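# Observations on the three-dimensional arrangement
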Amino acid sequence: MGNNMASSTISIQRPDDWHVHFRDGEMLTTVVPFTATRFARAIVMPNLDPPITTIRSAKAYRERILMALPKNSNFIPLMTCYLTDDADIDEIIEGYRTGVFSAVKFYPAGATTNSSYGVTELKNVFSAFERMQEVGMPLLVHGEVTDPEVDVFDREVVYIERVLKLIIDAFPELKIVMEHITTKDAVDFIRARSLEAPGRIGATITAHHLMINRTDIFRGGIRPHLYCLPIAKREGHRLALREAATSGQSPFFLGTDTAPHAKTIKESSCGCAGIFSAPTALEMYAQVFDEENALDKLEAFASINGPIFYGLDVNQSEIKLHRTARFCPETIETSNGEELHVFGGGKTLVWKVL
Ligand code: DOR
Ligand code: ZN
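First things first, this report covers the structure right here in the doc. (Residues numbered from 1 in each chain as written. Chains lettered and ligands numbered in written order. Predicted model: local features only at pLDDT ≥ 70, side-chain atom pairs only at ≥ 80, totals over all residues. Heavy atoms only, no water.)

## Quick word on the overall build of the protein chain
Broken down by element type, the protein chain carries eleven helices and 13 strands. Computed over C-alpha atoms, the radius of gyration of the protein chain comes to 19 Å, within 12% of the 20 Å expected from 2.2 N^0.38 for 354 residues, which places it in the range of a compact globule. Overall, the protein chain is about 50 × 45 × 45 Å in size when its C-alpha atoms are taken along their principal axes. Looking at the protein chain as a whole, 57% of its 354 residues are labelled buried. Long-range pairs, those at least 24 residues apart, make up 74% of the contacts in the protein chain with a sequence separation of at least 6. A total accessible area of about 14400 Å² is found for the protein chain, and carbon and sulfur atoms account for 50% of it. Of the side-chain charges in the protein chain, 36 are positive and 45 negative, and the distance between the mean point of each set is 4 Å. (Helix = DSSP H or I, 4+ residues; strand = E, 2+ residues; numbered from the N terminus. Rg over C-alpha atoms; globule rule 2.2 N^0.38 Å. Buried < 20%, exposed > 50% of the residue type's maximum accessible area, 1.4 Å probe, protein only. Contact = heavy atoms within 4.5 Å. Areas by Shrake-Rupley, 256 points an atom, 1.4 Å probe, with all protein chains shown as cover. Lys, Arg positive; Asp, Glu negative; His and termini not counted. Charge placed at Lys NZ, Arg CZ, Asp CG, Glu CD.)

## Focus on the packing of aromatic side chains
One pass over the structure, following the stated rule, counts 15 aromatic pairs. Pairwise contacts between aromatic rings join Trp18, Phe253, Phe309 and Tyr310 into one cluster. The aromatic ring of phenylalanine 153 is capped on one face by arginine 214, whose charged end is 4.6 Å from the ring centroid. (Phe/Tyr/Trp six-rings, centres within 6.5 Å; stacked < 30°, edge-to-face > 60°. Lys NZ or Arg CZ within 6 Å of the ring centre and 35° of its normal.)

## Observations concerning the coordination of the zinc ion (ligand 2)
Coordination sphere of the zinc ion (ligand 2), protein contribution only: His19 (NE2), His21 (NE2) and Asp257 (OD), at 2.0 to 2.1 Å. Site description for the zinc ion (ligand 2): donor spacing in sequence, H-x1-H-x235-D. Highlighted residues: histidine 19 in strand E2 (residues 17-20) and aspartate 257 in the loop between strand E9 (252-254) and helix H9 (263-266), separated in sequence by 238 residues. For the pair shown, histidine 19 and aspartate 257 are each scored as buried. (Donors = N, O, S within 2.8 Å, 3.2 Å for Na, K, Ca; no water.)

## Observations regarding helix H1 (residues 25-36)
Relative to the 16 Å expected for twelve residues at 1.5 Å per residue, H1 spans 17 Å between its end C-alpha atoms, a close match to the ideal helical length. Listed in full, the buried residues belonging to H1 are Met27, Leu28, Thr30, Val31, Val32, Thr35 and Ala36. Close packing links the buried residues of H1 with E2, strand E3 (41-44), helix H2 (55-67), strand E11 (331-333) and strand E12 (339-341). (Expected span 1.5 Å × (residues − 1).)

## Side note on the site of ligand 1
Taken together, the neighbourhood of ligand 1 is formed by His21, Arg23, Asn47, Thr112, Thr113, His142, Cys228, Leu229, Ala259, His261, Ala273 and Gly274. A distance of 2.8 Å separates an oxygen atom of ligand 1 from a polar side-chain atom of asparagine 47. Contacts to ligand 1 include histidine 142, whose side-chain N or O atom sits 3.2 Å from an oxygen atom. Relative to its unbound accessible surface of 290 Å², ligand 1 loses 100% to contact with the protein. (Near = heavy atom within 4 Å. Polar contact = N/O pair within 3.5 Å; in protein donor to acceptor, adjacent residues only side chain to side chain.)

## Observations concerning the sheet that holds strand E10 (residues 318-328)
The strand order across the open sheet formed by three strands is E1-E10-E13, and the pairing between neighbours is antiparallel. Two strands in the sheet have a free side with no partner beyond their single neighbour: strand E1 (9-13) and strand E13 (347-353). Across the sheet, the axes of successive neighbouring strands diverge by a mean angle of 30°, strand direction being ignored. Pairing between E10 and E13: six bridges, direction antiparallel. In the strand pairing of E13, phenylalanine 327 is matched with threonine 348. The strands that helix H10 (residues 281-291) touches are E10 and E13; relative to E13, the one it contacts most, it runs at about 90°. (Pairing = 2+ DSSP bridges. Axes fitted to C-alpha atoms, helices over the stretch in contact; angles between N-to-C directions.)

## Quick notes on the environment of threonine 35
Relative to the elements of secondary structure, threonine 35 occurs in helix H1. Residue classification places threonine 35 among the buried positions, given a relative accessible area of 1%. Separated by 13 residues in the primary sequence, threonine 35 and phenylalanine 22 place their C-alpha atoms 9.2 Å from one another.

Okay, structure coming up:
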């Protein structure tokens, strides 16, 4: 990073977003440009309904994303395959071999939005893990158990104990990303395991989990737009996530988990999980790194650790971020008139992407 740390403009290699939800249709058309103008590439989640499980559907979805790009954009969507109990493993491996799939996403059935097609029992997908391990195809896990007996705030920690350790022990060479980690336990676990086997295990961290804790969800009343899964945890966990992200250490990289839902669906008697952060997340990450006096580590977290984990080149172009107040509207409207609440919207942002 070629910056004078005292200056209020920094320049870093163009970042990538290793976890996004673009949805489809009008929503996709509206949200894609926010990601594409900031990031060079993004790992695109496959949890459409029905989910992306074939090479054909992934290619068609990628085309729809490309159609939504601003003119002259070089943005590259990296597609993922949704893992099901009866996954066609030959199709998955063929998709990886031919560059259509970059990874497999593993949702435990019932864990979150559109996860009903997900995996019901771990043993159903062991043969898939075996083949993925052979070819080096990354497994991206939604790290929460679905056992209704387990408290919603404990689901990540229990997942590490009951599921993740098991997968790692059974498939020591499998590349795994624990997506959107929310606890100190996950930070400690990922750090320890990646020391034992560098480059095999990583974790994405969202901007919102660096900014909010579980109390914020109830500040002055219930805040449906701060509800996501895994749900934000206690303050101590948020601080541990900030320490991990701003350490610049290789297993931790940027994944916004931007997850748009119409405002009307979020603000209901049973509001769904997901925070739409594409318009503000990069700015928020910069703010967090700035607050932690770690702007010199932003590039590692946002632009370097991810590509190295995935075995891809670091982006050649640069982007500039400037510390200057900018008001962000609370909502944006989709092309068919639905409102989307923006994370951090309705307030002044500290950083701006130039
Ligand atoms: O909050 C979430 N929203 N967590 C997820 O895992 C899925 C996502 C979505 O698709 O809305
Ligand atoms: Zn997600």
